[in-house]
Structures are given as structure tokens and as C-alpha cells.
Amino acid sequence: MSPSLYKQMMKSNFKSIMSFGMASAVYVILMTSLFPMISDNIDKIQELTEIYPDSLMKAFGLESFGTYGEFISAEYYGLFFLFILGIFSVMTAIQLIAKLVDRGSMAYLLSTKVSRAQVAITQISVLITGLIIIIFLNFAGGYAAGELLIDDQYAIAMGDFFQINFVGFLLFFAVGGYSILFSSLFNDEKMAFAAAGGVTFLFYALDMAGKIVSDLEWLRNLSIFSLYEPAKIAKGDVNVVLVSLILFGLGLLMYIATVLVFRRRNLPL
Amino acid sequence: MITIHNLTRQFSNGKGIFDVSFDVKKGEVFGFLGPNGSGKSTTIRHLMGYMKPQKGRATVFDYDSWTEQAKAREHVGYLPGEIAFLDGMNGTEFLDMIAGMQGKKVKEKRSELIHLLQFDPKTPIRKMSKGMKQKVGIVATFMHDPDIYILDEPTSGLDPLMQRVFIELVLKEKEKGKTFLMSSHSFSEIERTCDRAAIIKDGRIVTVKDIHELQSMQRKIFDITLHNLEDVEALKSSSLSIEKVDGNMVRIEVQGNYDEFFKELANYHVKNVSATNQSLEQIFMDYYNAEEVPR
């Protein structure tokens, strides 16, 4: 890892990290502020949702809205959170390696005694730091809003809320892992983006399809997204340690592969 | 300091470099001449460890340029042929980053270089002209006082004044015993600084020669305008190689025989002299394939 490169890369990516982080935090706070209203009218809402097919309710985690934990998991962590973090992970991973190779700026990063492995590790660190900052803003925003706006009887335990965010972080630790692996594999920025974005979308679609059509539930086993079930974490139905270990292991494997690939390949610089 | 031995890499389109071998000694300024697309940059990319040789090897400062690339690069100042900086920085930020990665104290030399090249490093890079970017690149290359300089077409984008400043900079570093490998497609750029030069064409080294030898191989064309037509006739019957006569103007080709040229011309009233350099392409056409030189 090269401190000077890390510093400059954080500086270059700081705006984007902060906008993703702030946007998602504001969204959590907004959704949280809606909860008391929804909670007061829960009967009417449940009447309304009864007309939906069960599978659809399951897909979006709308089975129960009773507690804040279930509500925020369904309305945010099961949906917008995945979009925001997915876009950030893919985009940033491509920018950190493939874009620099494609445009030729990598020649400068590799003109000093800093080795290829060190450059790759630095870029990976920037990606992970970005994810941590965004998740932290999510957690802090959601937690603060929850404390201030939600009645104690409905509030989610801090521990559960932390788990939702923590497993969410590890999910994108893994998504960022394969994205940056693609980023180090391709010479062409667009190809890398298509590969990483395509795989991410495919994973998301497989998970969705498996949730909606019960006959196709096996499809979910092919998707990394099935490991992240915030509503179940809120209810305490998930073995968080096991899921965390799997996601962390997958991510770590991808990052190691990224460094190995980047060390050995020919660069068109 | 730099050795290249049978370096070969063929690309999928059939182009590439084939059995390239030469070495650059300590304290030497070595020119690497060839037209665009002849394999200069590919060779340099191997030296910087961006590409793995298919065959052969290259060493820089006794380190293998592929397997020990980071160690090799520690001693190198590299100026890429096509400068592509990172987005959203100004020159100072970029130089700070590179200096940090080089891991050496550069403050003094850096401000010296900026003063010498006369530009404002605080300018955002995306607002810089090509020449200004080239200057930032030159500062990044020279500021950490490396032992070896690898420069890919260093003066492209610089105006003639700055080209001269750059040449002085190279000569100053050379005095300190630094080693240079400098690629170019212009002979005149190389001849002012280099001791030896390799000429590469279609991925193969055509020749490695002392620069003076190359200079003497180079034919120069002089257009001489004389005062009167009798002199033109007299000149035509001399032993000089006359290419063309157009009124009072005589085009003479000189290849090394400057002495004879001047002695002959001293006999006439000369009104005007203008010289044109033979292009690089023509020089190694002479060397490579003499019968194809257009007359």
C-alpha cells in the first residue's frame, strides 16, 4: 500500500463517496420519519397490501410492517440500499483500475518504486474505505433518526440495526471484490464495466426471480444477494456469523485474485 | 545500466518487436530512433515492466525489468510518450502524489525545475495545454534525481525555446553521470544530446551507431544561389554532387565531404545558402536499402 497514492485517490473519490453516502443517509432518515405515520395506519395498509399476491409481498419483504426494523429492512435495505451500494461498488471499482489502464494514467502510477501489487492493494483499500464511509453514514443516519423519531416500543435494537448494516457492508465487500477483479482483468473500461455491472444485475435478478416465483426458488442459490436478508436479520432469523464469514471469505478471495491478476498481466500502457 | 537482449513481442496484428538487443552504458545518452509505429514505445514498455517479454529479457540497473520491475523502476525517471494524468487534480497535487510514491525528498529540485520550465503548477490539469502537461511530466521525471532516465519522445509539444531548455537540462544531468535512453522520430533532436543511437524499423534494430557516424552518413541538401550564370556552369563541372539547377540556384547534396564543398564554393560569389536536413526516414533508407532512395 502506498500512503501518497491512497491519499490522492481518496481525495479524487471523496466527492462521489460523500454524495452516495449522504444520499443514502438522507433516504434512511426520510423513510424513518415516515414510519410513525405508517405504524398508526397499519391496519389500513395491511388491508391494502392483502390484494397483492403473496409472492410479490415476499419479494419486497412486505409481509409485515409491524416494527420499525421490518419496515426499514423492506423499504430501504431490501431495495434502494442495494441499488445505491451496487452502483457505487461497480462504478468505483472500474474507475480505480480499468479506467486508469484504459486511459493510460496507470503508466504514471507504475513509474515509481511502488510495485503493481502495492498499487492494486491501495486501490482496493480506497474502494473498501468508500464502502465503510457510506455504510457508516447509513448506520448513523438511521440510528439517529430512529432514536429521535420512533417510539421505544417499535424501535429496532441497536444491535440488530448494526447487523443489518454490517452484513450489508460485507455483501458489497464481496460485490466490490468481483467488480475490481473484472476491473483488473480488462484493458477496456467499458468492457470491465459491462462485465461487473452485468454480473451484479444478474445476481440481483436471480435473487428477485427466486423470491417471486416459488418454483424457481433454487435460483436464489446462484446469487450472492440471497445471503443478505435484512428483514430476517431484524427478526433474528439469520445466522449472522455464518453469513458474514461466507461474504467476507468470498470478498477476500476476489481481492487476492485481483492482486495476483494485476501483478502478472500485460498492460497496454 | 540498461541491457536489452533478444527482446521479442509479437502482437496479434503481426506487428511488434523482434530480437531487439542493445545496451546503454553508464553516463551515456542513448538515442532510440524510429518512425511512428516502429516499436520504440513497445521496447520502452518492456523496460518499465508493463509487458512481459515473449522471448529475451531486459534489465535496468541490473534488475530484471519484468520479475524485479519495482526495484528496477526505483532508479528510473520515466516520461511516457502519451501523457495521461489523473482527473480532477492540479499540477501540484499530481507532483505531490508522485513524489510521495517515489519516496524521496524532491522539494528543492522540484521548484528549480518548475522555475526553469516556467509554468504555474497550480493550474488544474484538465485546463493545461499539451506543452504544459509535458512540462509537468518532465518535472515528475527529473525531480527525484534518478540514475537512469527513460524518455519517450520528450520534446513533443514543447516550443523551440523550451526544447532548447530541455536539451540543456539533459546535458546538465549527463555531466552528473546520469544515463539516458531517449526515443525520438527526429534526428536533429537526438544529435544534439546523444552519444550513440539505435535505429529501429518495423520492430527490428537496423543499426546501433556512434552519433558522429550517423551524422556523417546523413546527407545534407544545400540550396546555393549564385550571382551569375557563368558561376553556375563552373560549379556544375566541379566534383560536387549536383541534384538540380534552377536558374541561379544550385541544389547540392553533401555527405560528409564538407571540406570539399566549402573549398569549391569559395571560388564563387554566393548570394544565399539554405540547408535542408534529410529526414530520418531517408537516413535509414540509405542505410538499409540504398537502391530504393528516390533520386
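Thresholds applied
- Residues numbered from 1 in each chain as written.
- Chains lettered and ligands numbered in written order.
- Predicted model: local features only at pLDDT ≥ 70, side-chain atom pairs only at ≥ 80, totals over all residues.
- Heavy atoms only, no water.
- Helix = DSSP H or I, 4+ residues; strand = E, 2+ residues; numbered from the N terminus.
- Buried < 20%, exposed > 50% of the residue type's maximum accessible area, 1.4 Å probe, protein only.
- Contact = heavy atoms within 4.5 Å.
- Areas by Shrake-Rupley, 256 points an atom, 1.4 Å probe, with all protein chains shown as cover.
- Lys, Arg positive; Asp, Glu negative; His and termini not counted.
- Charge placed at Lys NZ, Arg CZ, Asp CG, Glu CD.
- 1 Å grid on protein atoms, 1.4 Å probe; cavity = no way out; pocket = protein on both sides within 12 Å on 5 of 7 lines; lining within 4 Å.
- Points joined across faces, edges and corners; volume = space filled by probe spheres on them.
- Nonpolar A, V, L, I, M, F, W, Y, C, P; charged D, E, K, R; others polar.
- Pairing = 2+ DSSP bridges.
- Axes fitted to C-alpha atoms, helices over the stretch in contact; angles between N-to-C directions.
- Buried area = accessible area lost by both parts, 1.4 Å probe.
- Salt bridge = Lys/Arg side-chain N within 4 Å of Asp/Glu carboxyl O.
- Polar contact = N/O pair within 3.5 Å; in protein donor to acceptor, adjacent residues only side chain to side chain.
- Core = buried A, V, L, I, M, F, W, Y, C linked by side-chain atoms within 4.5 Å.
- pLDDT = per-residue confidence, 0-100.
- Patch = residues over 30% accessible without salt bridge, like charges linked within 9 Å, V, L, I, M, F, W, Y side chains within 5 Å.

Trainee: It is not clear to me how the overall build of chain B should be interpreted in this structure. Could you clarify?
Mentor: When helices and strands are counted, chain B shows 11 helices and 14 strands. When burial is assessed residue by residue, chain B has 54% of its 295 residues classed as buried. In chain B, of all internal contacts separated by at least 6 residues, the share reaching a separation of at least 24 is 67%. Carbon and sulfur atoms make up 48% of the accessible area of chain B, which amounts to about 13700 Å² in all. Distance between charge centres in chain B, computed from 40 positive and 42 negative side chains, equals 7 Å.

Trainee: Whenever I open this one, the layout of surface pockets confuses me. Can you help?
Mentor: Unoccupied space between atoms shows up once a probe the size of one water molecule is rolled over them. In this structure, the largest pocket spans a volume of roughly 700 Å³. Lining the largest pocket we find 29 residues, and of these Leu269 of chain A together with Ser41, Arg45, Glu82 and Asp152 of chain B sit closest to its centre. Elements supplying a minimum of two residues to the lining of the largest pocket: helix 6 (98–103) of chain A together with helix 1 (40–47) of chain B. By residue number, the principal contributor to the lining of the largest pocket is helix 1 of chain B, which donates 4 residues. Among the residues making up the lining of the largest pocket, the classes are represented as 11 nonpolar, 10 polar and 8 charged.

Trainee: Please explain the sheet that holds strand 10 (residues 204–210) of chain B as it appears in this structure.
Mentor: Neighbouring strands of a sheet are bound in pairs by backbone hydrogen bonds; such pairs are parallel or else antiparallel. All names here are of chain B. Strands sit in the order 6-7-8-3-9-10 across an open sheet of 6 strands; the sheet is mixed. Because the sheet does not close on itself, it has two edges, and the strands there are strand 6 (76–79) and strand 10. Neighbouring strand axes in the sheet, compared pairwise and without regard to direction, differ in orientation by 15° on average. Where strand 6 lies against strand 7 (residues 148–152), 4 bridges are found, and the strand directions are parallel. By the bridge assignment for strand 7, Val76 is matched with Ile148.

Trainee: Any chance you could explain the interface of chain A and chain B here in plain terms?
Mentor: Where interface size is quoted, it is often the accessible area lost as the parts come together. Across the contact, 29 residues belong to chain A and 32 residues belong to chain B. Of the roughly 2500 Å² buried at the junction of chain A and chain B (both faces included), carbon and sulfur atoms supply 57%. Linking chain A to chain B there are 1 salt bridge. In this structure, the salt-bridge partner of Lys11 of chain A is Glu93 of chain B, at a minimum N-O distance of 2.8 Å. Taken together, chain A and chain B are joined by 14 residue pairs in polar contact (both at pLDDT 80 or more). Those elements that place two or more of their residues in the side of chain A that touches chain B are helix 1 (3–40), helix 6, helix 7 (106–109) and helix 12 (240–264) of chain A. In terms of residue count, the dominant contributor to the side of chain A that touches chain B is helix 1 of chain A (6 residues). Considered class by class, the residues forming the side of chain A that touches chain B number 11 nonpolar, 10 polar and 8 charged.

Trainee: Whenever I open this one, the nonpolar core confuses me. Can you help?
Mentor: The tendency in soluble globular proteins is for nonpolar side chains to be buried side by side. Among the nonpolar cores identified, the biggest contains 149 residues, and Met106 of chain A together with Phe94 of chain B are the most heavily contacted of them. Looking at which element gives the most residues to this core, the answer is helix 9 (residues 158–185) of chain A, with 13 residues. Among all residues touching Phe94 of chain B, those that are not within four sequence positions of it are Tyr108 of chain A together with Phe85, Met89, Ile125, Val136 and Ala140 of chain B. In this structure, Ile224, Val232, Val254 and Phe261 of chain B belong to the second largest nonpolar core, which totals 12 residues.

Trainee: Sorry if this is basic, but what is going on with the pairing of strand 3 (residues 29–33) of chain B here?
Mentor: Consecutive side chains along a regular strand alternate between the two faces of the sheet. All names here are of chain B. Counted residue by residue, strand 3 has 5 buried out of 5 residues, so it is predominantly covered. Along strand 3, one buried face is formed by Val29, Gly31 and Leu33 and the opposite face, lined by Phe30 and Phe32, is buried too. Of the strand pairs in this sheet, strand 3 and strand 8 (residues 179–184) are connected by 5 bridges, and their pairing is parallel. Looking at strand 8, one finds that Gly31 is bridged to Met182. Two strands pair when backbone bridges link them, and strand 3 and strand 9 (residues 196–201) are joined in this way by 4 bridges, in the parallel orientation. Each residue of the ladder has a partner; that of Leu33, found in strand 9, is Ile199.

Trainee: Got a minute to help me understand empty space enclosed by the protein in this structure?
Mentor: Under the defined criterion, the tally for this structure stands at 3 cavities of 30 Å³ or more. Quantified by volume, the largest cavity comes out at close to 60 Å³. If you go around the largest cavity, the residues you meet are Tyr68, Gly142, Tyr143, Gly146, Glu147, Ile150, Ala155, Ile156 and Phe161 of chain A. It is helix 8 (residues 116–149) of chain A that provides the largest number of residues to the lining of the largest cavity, a total of 4 residues. When grouped by side-chain class, the residues that make up the lining of the largest cavity number 6 nonpolar, 2 polar and 1 charged. Here the second largest cavity defines a volume of roughly 50 Å³. The wall of the second largest cavity is formed by Ser111, Thr112 and Lys113 of chain A together with Arg73, Glu74, Val76, Gln102, Lys104 and His144 of chain B.

Trainee: Could you clarify how one ought to interpret the pairing of strand 13 (residues 249–254) of chain B in this entry?
Mentor: Residue and element names in this part refer to chain B. By the criterion of burial, strand 13 is predominantly enclosed, with 5 of the 6 residues buried. One ladder, built from 6 bridges, connects strand 11 (residues 220–226) with strand 13; its direction is antiparallel. Bridging across to strand 13, Phe222 finds its partner in Ile252. Direction of pairing for strand 12 (residues 241–246) relative to strand 13: antiparallel, over a ladder of 5 bridges. Residue pairing across strands places Ile242 opposite Ile252, the latter belonging to strand 13. Connecting strand 12 to the next strand, strand 13, in antiparallel fashion are 2 residues, including Gly247 with a positive phi near 65°.

Trainee: Please clarify how the confidence of the model for chain A should be interpreted in this entry.
Mentor: Close reading of the predicted structure is inappropriate where its pLDDT is low. Taken over all residues, the pLDDT of chain A has a mean of 90, while the share at 70 or more is 95%. Here helix 3 (residues 54–59) of chain A is the element of chain A with the lowest mean pLDDT, 68, and helix 12 of chain A is the one with the highest, 96.

Trainee: Before we go on, may I ask you to explain a negative patch on the surface in this structure?
Mentor: Residue and element names in this part refer to chain A. Taken together, the side chains of Asp40, Glu147, Asp151 and Asp152 present a region of like negative charge at the surface. Structurally, Asp151 is set in the loop between helix 8 and helix 9. Asp151 gets classed as partly exposed once you look at its relative accessible area, which sits at 48%.

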